[in-house]
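Descriptive structure summary
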Amino acid sequence: MADSSKSTRSNVNPVVDDIAERAARIREDLAALGEALAGAGAVKSGVAREAAENKVEDLLKSGEKIVADLADHYSRTEKQVSTKVRDNPLQAIGIAVAAGFFAALLMRR
């Protein structure tokens, strides 16, 4: 009987050794897969960061253009108003008085 338990142990050890080897290979494969996923995540986050930076640059450029356009429009409007006031000073004073009167009426209520 002692021989049968010994032969069972020798049969079990190769099976256990085979399972241990397979488990080690699976661990290695999982580690490699984890590294690959981490690399893919880094690449994806790098692409997302680059896209966001490009979008921010585009927004800044369009914002600068809008500000420049508004400044130009304001400058032209200011010149037009100055010209109108110089050409018609009494009309400009009348408009200012009327605007003040209406503003006073609105603030009273």
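Conventions we followed
Residues numbered from 1 in each chain as written. Predicted model: local features only at pLDDT ≥ 70, side-chain atom pairs only at ≥ 80, totals over all residues. Heavy atoms only, no water. Salt bridge = Lys/Arg side-chain N within 4 Å of Asp/Glu carboxyl O. Helix = DSSP H or I, 4+ residues; strand = E, 2+ residues; numbered from the N terminus. Buried < 20%, exposed > 50% of the residue type's maximum accessible area, 1.4 Å probe, protein only. Patch = residues over 30% accessible without salt bridge, like charges linked within 9 Å, V, L, I, M, F, W, Y side chains within 5 Å. Areas by Shrake-Rupley, 256 points an atom, 1.4 Å probe, with all protein chains shown as cover. Lys, Arg positive; Asp, Glu negative; His and termini not counted. Charge placed at Lys NZ, Arg CZ, Asp CG, Glu CD. Phe/Tyr/Trp six-rings, centres within 6.5 Å; stacked < 30°, edge-to-face > 60°.

Once the charged atoms of two side chains with opposite charge are near each other, the side chains can pair. Within this structure, the stated rule accounts for three salt bridges. Taking the shortest distance from any N to any O, the salt bridge between Asp-69 and Lys-65 comes out at 3.1 Å. Of the two residues, Asp-69 and Lys-65 both sit in helix 1 (residues 2-87), four residues apart, roughly one turn of that helix. Residue Lys-65 is classed as exposed on the basis of its relative accessible area, which comes to 53%. The closest approach of N and O atoms between Asp-72 and Arg-76, which form a salt bridge, is 3.2 Å. Of this pair, Asp-72 and Arg-76 are both found in helix 1, four residues apart, which corresponds to roughly one turn of the helix. Relative accessible area serves as the criterion here: at 45%, Arg-76 is assigned to the partly exposed category.

What follows concerns a negative patch on the surface. Where like charges cluster on the molecular surface, the negative patch consists of Glu-50, Glu-53, Glu-57 and Asp-58. Mapped onto the elements of the fold, Glu-53 is located in helix 1.

The next subject is a nonpolar patch on the surface. Where nonpolar side chains cluster on the molecular surface, the patch consists of Ile-26, Leu-30, Leu-33 and Leu-37 and spans about 410 Å² of accessible area. For Leu-33, the position within the fold is in helix 1. For Leu-33, a relative accessible area of 47% gives the class partly exposed.

A few words on the packing of aromatic side chains. In total, this model carries one aromatic pair according to the counting rule given. With a centroid separation of 5.8 Å and an interplanar angle of 65°, the aromatic rings of Phe-101 and Phe-102 are classed as edge-to-face. Taking the relative accessible area as the measure of exposure, Phe-101 reaches 51% and is therefore exposed. Judged by relative accessible area, which is 51%, Phe-102 ranks as exposed.

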